[in-house]
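# Structural features, examined
The lines below spell out each chain.
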Amino acid sequence: LAKTTQPISMDSYEGQEVNITCSHNNIATNDYITWYQQFPSQGPRFIIQGYKTKVTNEVASLFIPADRKSSTLSLPRVSLSDTAVYYCLVGGGGFKTIFGAGTRLFVKA
Amino acid sequence: EAGVTQFPSHSVIEKGQTVTLRCDPISGHDNLYWYRRVMGKEIKFLLHFVKESKQDESGMPNNRFLAERTGGTYSTLKVQPAELEDSGVYFCASSQDGTGFLREKLFFGSGTQLSVL
């Protein structure tokens, strides 16, 4: 199971674009990359998932370079409500999922 | 569509007592998982059900923990007897994808905050 490395915390201001990069050097060929968001007193919530290149949905974009050893979650024009912990997961979904410490994003007014 | 629900949201018990946590997955989801976060540490996998069968329980800390999923619907996680180090948040998640864990999208409940005094 590939381990991931993310920044412990990030600060941003409302309206800015936030990019959170995750390193996963030993990602396997069949592994997907999945990002979750967690608010206090709630369970993690699925944001986006991808395998290669770029994936975009109504919430975020996920950029994955050709070597797939890292990925970047991009949140456009963040608001105060985007303050949360963001987890990058690689490989299996629920099966022995390794959440890691996540990145604490704090959005300021 | 109802999400994953967990009950109770909070539980405070004394060391040595028994506590049972319940999880109702999203209807139709065959996969059900239990996780926990203890003492502010990282979220850790406990076990995985596929319908009523335990697919993997390698994350269960010891034999004081017993999980069941009768009929492949809701699941219970019993801790007996509870110890101080069992305090933490217990999350349940479910998913629909029945094959290929690699693309699973998990839907989590809000968790049960367990405090053992």
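Description of the structure in this document. (Residues numbered from 1 in each chain as written. Chains lettered and ligands numbered in written order. Predicted model: local features only at pLDDT ≥ 70, side-chain atom pairs only at ≥ 80, totals over all residues. Heavy atoms only, no water.)

### Observations regarding the environment of Pro7 of chain A
Structurally, Pro7 of chain A can be placed in the segment before strand S1 (9–13). As for Pro7 of chain A and Trp35 of chain A, which are separated by 28 residues in sequence, their C-alpha atoms are 14 Å apart. (Helix = DSSP H or I, 4+ residues; strand = E, 2+ residues; numbered from the N terminus.)

### Structural notes on the state of the cysteines
Residues and elements named next belong to chain A. Tallied over the entire structure, the rule returns 2 disulfides over all chains. Shown here is the disulfide that connects Cys22 with Cys88, its sulfur atoms set 2.2 Å apart. Looking down the S-S bond of the Cys22 and Cys88 bridge, the torsion is -80 degrees, so its handedness is left-handed. Linking Cys22 in strand S2 (residues 18–23) with Cys88 in strand S8 (residues 84–90), this pair joins segments that are 66 residues apart in sequence. Residues Cys22 and Cys88 agree in their burial class; the two are buried. (Disulfide = S-S within 2.5 Å. Buried < 20%, exposed > 50% of the residue type's maximum accessible area, 1.4 Å probe, protein only.)

### Remarks on the packing of aromatic side chains
Overall, the coordinates contain 12 aromatic pairs over all chains when judged by the stated rule. Between the aromatic rings of Phe99 of chain A and Tyr35 of chain B, the centroid separation amounts to 5.9 Å while the plane-to-plane angle is 85 degrees, which identifies the pairing as edge-to-face. Residue Phe99 of chain A is found in the loop between S8 and strand S9 (103–108), and its partner Tyr35 of chain B is found in strand S4 (residues 31–38); the two belong to separate chains. Tyr35 of chain B matches Phe99 of chain A in its accessibility class, with the two residues each being buried. (Phe/Tyr/Trp six-rings, centres within 6.5 Å; stacked < 30°, edge-to-face > 60°.)

### Side note on the pattern of salt bridges
All names here are of chain B. Tallied over the entire structure, the rule returns 6 salt bridges over all chains. Taking the shortest distance from any N to any O, the salt bridge between Asp24 and Arg22 comes out at 2.7 Å. Given a relative accessible area of 26%, Asp24 falls into the partly exposed group. Arg22 sits in the partly exposed class, given a relative accessible area of 32%. A salt bridge links Arg64 to Glu85; its shortest N-O distance comes to 4.0 Å. Taken together, the residues span a long stretch of sequence, with Arg64 in the loop between strand S6 (53–56) and strand S7 (65–68) and Glu85 in the loop between strand S8 (75–79) and strand S9 (88–95) at a distance of 21 residues. Accessibility expressed as a relative area gives 13% for Arg64, which makes it buried. Here the salt bridges do not stand alone but share partners, grouping Arg64, Glu85 and Asp86 into one network. (Salt bridge = Lys/Arg side-chain N within 4 Å of Asp/Glu carboxyl O.)

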